[in-house]
Amino acid sequence: MINPSYAVILGVLLFSVGLYGALRSTNAVRILMCIELMLNAVNLVFVAFSRLRPEAMIAGQVFAIFIMAVAAAEAAVGLAIILQIVRQRGVVYMDKINLLKG
Amino acid sequence: MDWSLVLPELIVAGAGIGVLLLDLFLAPEKRRLTGYASLAGLAAAMVASLWLAVAKVDWSLAAGADGSPVAAGFTALGGMIAVDAFSVLLKLLFLAIGLVVVLLGVDFAEKRKLPVGEFFALLLFAVLGMMLMAGSRDLILIYLGLETTAISSYALAGLLKDDLKSGEAALKYFLTGALASALILFGMALVFGGTGSTNVTALLGAGVTTGQLGGAGNPIALTGLVLLVAGFGFKLAAVPFHFWAPDAYEGAPTPVTAFFSVGPKAAAFAVVLRIFGPVLALGGSAGGAGAGGLAGAGVLGVLFAVLAVVTMTVGNLTALAQKNIKRMLAYSSIAHAGYLLVGLAVATPRGFAAMVYYLLAYAAMNLGAFAVVIWLNNRGTGDEVSDYAGLGRRAPVAALAMLVCFLSLIGIPPMAGFFGKFYLFAAAVEANMAWLAVVMVINSAISVGYYYGVVRQMYLAGDAAPAEDHGGAETGAPVPAEATSTVKGTPLVGLALGLAVVAVFALGFLFEPLARLARLAAGGL
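Residues numbered from 1 in each chain as written. Chains lettered and ligands numbered in written order. Predicted model: local features only at pLDDT ≥ 70, side-chain atom pairs only at ≥ 80, totals over all residues. Heavy atoms only, no water.

### Here we look at the overall build of chain A
Thought 1: When helices and strands are counted, chain A shows three helices and zero strands.
Thought 2: Across chain A, helices and strands are ordered from the amino to the carboxyl terminus as α-α-α.
Thought 3: On C-alpha atoms alone, chain A measures out to a radius of gyration of 17 Å, which is more than a quarter above the 13 Å that the 2.2 N^0.38 rule sets for 102 residues.
Thought 4: Reported as C-alpha extents along the three principal axes, the dimensions of chain A are approximately 50 × 25 × 25 Å.
Thought 5: In chain A, which comprises 102 residues, the share counted as buried stands at 42%.
Thought 6: Across chain A, the fraction of contacts at a sequence separation of at least 24, relative to all contacts at a separation of at least 6, is 57%. (Helix = DSSP H or I, 4+ residues; strand = E, 2+ residues; numbered from the N terminus. Rg over C-alpha atoms; globule rule 2.2 N^0.38 Å. Buried < 20%, exposed > 50% of the residue type's maximum accessible area, 1.4 Å probe, protein only. Contact = heavy atoms within 4.5 Å.)

### Thoughts on the overall build of chain B
Thought 1: The secondary structure content of chain B amounts to 19 helices and two strands.
Thought 2: Out of the 525 residues belonging to chain B, those deemed buried represent 64%.
Thought 3: For chain B, the share of sequence-separated contacts (at least 6 apart) that also reach a separation of at least 24 residues comes to 81%.
Thought 4: For chain B, the computed accessible surface area is about 16800 Å², with 70% contributed by carbon and sulfur atoms. (Areas by Shrake-Rupley, 256 points an atom, 1.4 Å probe, with all protein chains shown as cover.)

### A look at the interface of chain B and chain A
Thought 1: Contacts between chain B and chain A engage 47 residues on the former and 43 residues on the latter.
Thought 2: Of the roughly 3700 Å² buried where chain B meets chain A, counting both sides, 79% is carbon and sulfur surface.
Thought 3: Counting across the interface, chain B meets chain A through one salt bridge.
Thought 4: Put simply, E168 of chain B and R89 of chain A hold a salt bridge, and the shortest N to O gap is 3.1 Å.
Thought 5: Elements with a contribution of two residues or more to the side of chain B that touches chain A: α5 (139-157), α6 (164-195), α8 (244-251) and α11 (325-346) of chain B.
Thought 6: Ranked by residue count, the leading element in the side of chain B that touches chain A is α6 of chain B, at 24 residues.
Thought 7: Looking at side-chain class alone, the side of chain B that touches chain A contains 26 nonpolar, eleven polar and ten charged residues. (Buried area = accessible area lost by both parts, 1.4 Å probe. Salt bridge = Lys/Arg side-chain N within 4 Å of Asp/Glu carboxyl O. Nonpolar A, V, L, I, M, F, W, Y, C, P; charged D, E, K, R; others polar.)

### As for helix α15 (residues 416-430) of chain B
Residue and element names in this part refer to chain B.
Thought 1: With 15 residues, α15 extends 21 Å between its outermost C-alpha atoms, agreeing within 8% with the 21 Å of an ideal straight helix rising 1.5 Å per residue.
Thought 2: If you check which residues of α15 are buried, you get A416, G417, G420, K421, Y423, L424, A427 and A428. Down the axis of α15, the sector holding all buried residues measures 155°, keeping them to one side.
Thought 3: Tucked into the core, α15 has its buried residues touching α11, α12 (349-378), α14 (396-410), α16 (434-459), α18 (491-509) and α19 (511-523).
Thought 4: Immediately downstream of α15, the backbone of N432 shows phi near 60°, a positive value. (Expected span 1.5 Å × (residues − 1). Arc of directions from axis to C-beta.)

### Observations regarding the packing of aromatic side chains
Thought 1: If you walk through the whole model with that rule in mind, you get 25 aromatic pairs over all chains.
Thought 2: Ring geometry for F15 of chain A against F186 of chain B: centres 4.1 Å apart, planes inclined by 15°, an arrangement best described as stacked. Linking F15 of chain A in helix α1 (residues 4-24) with F186 of chain B in helix α6, this pair reaches from one chain into another.
Thought 3: Note on F15 of chain A: relative accessible area 4%, which makes it buried.
Thought 4: Among the aromatic residues, those joined into a cluster by ring pairs are Y154, Y173, F174, W244, Y249, F259 and F260 of chain B.
Thought 5: R379 of chain B extends its terminal NZ or CZ atom over the ring of W375 of chain B, reaching a point 5.2 Å from the ring centre. (Phe/Tyr/Trp six-rings, centres within 6.5 Å; stacked < 30°, edge-to-face > 60°. Lys NZ or Arg CZ within 6 Å of the ring centre and 35° of its normal.)

### Structural notes on the pattern of salt bridges
Residues and elements named next belong to chain B.
Thought 1: One pass over the structure, following the stated rule, counts 13 salt bridges over all chains.
Thought 2: Among the salt bridges present, the one from D23 reaches R31, with a minimum N-O distance of 3.0 Å.
Thought 3: Look at D23 and you get buried, because its relative accessible area is 9%.
Thought 4: On the accessibility criterion, R31 (25% relative accessible area) is partly exposed.

### Looking at a nonpolar patch on the surface
Residues and elements named next belong to chain B.
Thought 1: A grouping of L400, V448, Y452, Y459 and L460 is seen on the molecular surface, where their side chains present a nonpolar patch of about 470 Å² in accessible area.
Thought 2: Structurally, L460 is set in the loop between α16 and α17 (481-486).
Thought 3: You can call L460 exposed: its relative accessible area is 61%. (Patch = residues over 30% accessible without salt bridge, like charges linked within 9 Å, V, L, I, M, F, W, Y side chains within 5 Å.)

### A few points about the confidence of the model for chain A
Low pLDDT means the predicted atomic positions in that stretch should not be read closely.
Thought 1: Considering every residue of chain A, the mean pLDDT works out to 91; 99% of them sit at 70 or more.
Thought 2: Mean pLDDT across the secondary structure elements of chain A bottoms out at helix α3 (residues 57-89) of chain A, with 92, and peaks at helix α2 (residues 28-52) of chain A, with 94. (pLDDT = per-residue confidence, 0-100.)

### Comments concerning the environment of S153 of chain B
All names here are of chain B.
Thought 1: Note on placement: S153 falls in helix α5.
Thought 2: Here S153 falls in the buried class, since its relative accessible area comes to 0%.
Thought 3: Along the primary structure S153 and P219 are separated by 66 residues, whereas in three dimensions their C-alpha atoms are 34 Å apart.
Thought 4: Excluding anything up to four places from it in sequence, S153 contacts Y173, F260 and P264.

### Some words on the side chain of S181 of chain B
Thought 1: Following the sequence through the fold, S181 of chain B ends up in helix α6.
Thought 2: Exposure remark for S181 of chain B: the relative accessible area of 1% places this residue in the buried category.

### Overview of the confidence of the model for chain B
Residues and elements named next belong to chain B.
Thought 1: Confidence in the prediction of chain B, expressed as mean pLDDT, is 85, and 86% of residues score 70 or more.
Thought 2: Across chain B, the element-wise mean pLDDT spans from 43 in α17 up to 95 in α5.
Thought 3: The low-confidence segment residues 287-293, where pLDDT is below 50, has two contacts with residues more than four positions distant or belonging to other chains.
Thought 4: Every residue in residues 466-487 scores below 50 in pLDDT, and together they form 30 contacts with partners more than four places removed in sequence or on other chains.
Thought 5: Among the scores for the predicted complex, ipTM is 0.96 and pTM is 0.90.

### A look at the packing of α14 of chain B against α15 of chain B
All names here are of chain B.
Thought 1: With their axes 6 Å apart at the nearest point, α14 and α15 run at an angle of 5° to one another. Our classification of the angle between α14 and α15 gives roughly parallel. In this structure, α14 contributes S408, L409 and I410 to the contact, and α15 contributes A416, G417, F418 and K421.
Thought 2: Residues belonging to the contact of α14 with α15 are distributed by class as follows: four nonpolar, two polar and one charged. (Axes fitted to C-alpha atoms, helices over the stretch in contact; angles between N-to-C directions. Parallel < 35°, antiparallel > 145°, perpendicular 65-115°, else oblique.)

### Description of the nonpolar core
All names here are of chain B.
Thought 1: Among the nonpolar cores identified, the biggest contains 232 residues, and F94, M188, F259, I275, F276, F304 and F406 are the most heavily contacted of them.
Thought 2: Top element by residues in this core is α12. It accounts for 23 residues.
Thought 3: Ignoring anything within four residues of it in the chain, the contact list for F406 reads M328, L329, A369, Y451, V454 and V455. (Core = buried A, V, L, I, M, F, W, Y, C linked by side-chain atoms within 4.5 Å.)

### Digging into the packing of α8 of chain B against α11 of chain B
All names here are of chain B.
Thought 1: Where α8 contacts α11, the axes come no closer than 8 Å and their chain directions differ by 140°. Our classification of the angle between α8 and α11 gives oblique. When the axes of α8 and α11 are compared, the crossing they make is right-handed. Contacts from A245, P246, D247, Y249 and E250 in α8 reach K326, R327, A330, Y331, S333 and I334 in α11.
Thought 2: Tallied by class, residues from the contact of α8 with α11 come to six nonpolar, one polar and four charged. (Left-handed = near helix turned anticlockwise from the far one by under 90°.)

This is the structure in structure tokens:
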């Protein structure tokens, strides 16, 4: 069996990739995708930890399932908002969406 | 299990679904009714919370005893829900906030053609999430409450469908909010990995307080807590993480802005108190003289102190330069989050109690200020500070109410804001952190600058618009023809404003009993 610690490390790496992308991108859809990557990395960490911590196995797995459900809801609302922006101005680039500043 | 322990939450959830259904069956011109239905639901939930407070919460504990540990109240759902003094008090606050925001929103929604039913349903769901956040001891439920509030809030920010700024506010709020949620989740995952439990009480026995970053103790859980500070920093709009707040506040519909500035912020503070309060207090009582270097709680304490100082200073200094009143109030609310963080940096039961009291006071005075903005907006006044010129003559009542709320936000004696600041100040001095109190006072002095700027416009500057004086003697506000045709009056906003102003004074005059209440609430964390 693979040591669950590797899964934790993979989760941390994926989370870092997602965070980097979310901070560096200007495309709103791409930022959303990076955030989804971060959430899924967290899922991986939760499931791996629940393997490493047998006394709390259920809690970690249940948490991961809740995160999936919430991430879906979040993506739905987020895409709706992005769609509204695209309808209004036809761009998804954050540096072009700059009416509010100061 | 005893379902009556979650009765307020059940009522709010039921009201939210009910409002959505009601909206479906009502003719468009009758959709105002959904607002009244929301008011009824929130009022019923308040009654249920008061009943819980009387029947289920044990208030006898620690009455008068100074800093003595207090047993938890009831717990439900396997320890996930805590029904104690803290959660009941904050739930009542959230329901009151919801009530005032509905009052503020009914006329505004009609005038600006918001989808009325969705507006109130989303607001109720956001309040539900806030109540879950305050009443939970389990990371899973805290996360679900957080997201219930956050997802509803994203949609609320974008409710003005044809308004470019509203859409932009929603997008910015969504992207930063989702990023913050991911950070919080990663922190929770590490806390779970470090303690082996999703219950926050497990943190106390996990060696977090004695641990060092990357050293002995429990570095995994400690790293998780630091990530949680960053994630909740976004939600609180504490300074390095605050950039989204002014944009979201300016673009969102004004009643929604009023809600953002007090509701989700107060709920985030409640969660931070729940998660960090016991850990910080334990570290504080163990004494800073740890075995060399900063122990875990010391790291967190320093982190909160730095956040508090930076947040209030940057918030106040940036507010000085603002021309738009909503944006100015956004920076002002950032500054107030900084004052609130002082309570966490102090990390004593008195500091936490001061935070609870300040949350009540801040909600009242900030909602009051926004009520004036909405009142004037409904009557056709713009949102720029220069639009408020000569308001003291045109709308003496509104100008006076604004003045009262601003004086309270500055911290002038008879008002609630003064007692809140005084309480925080006393807690800081008592914990040998007088320098923090000094920074607070300097910042309060800076804040006079921008509040006074508005007051000067209202009372000393000449009239802004070619304001033709209509009759309207009681209200005094000019009533542009376009506004009169859609909204005859704004009695509901007036009612909300009245409630807020009364609360600003009442919270001040009732400081003694309320401080004791806050003390009991904070003791049960």
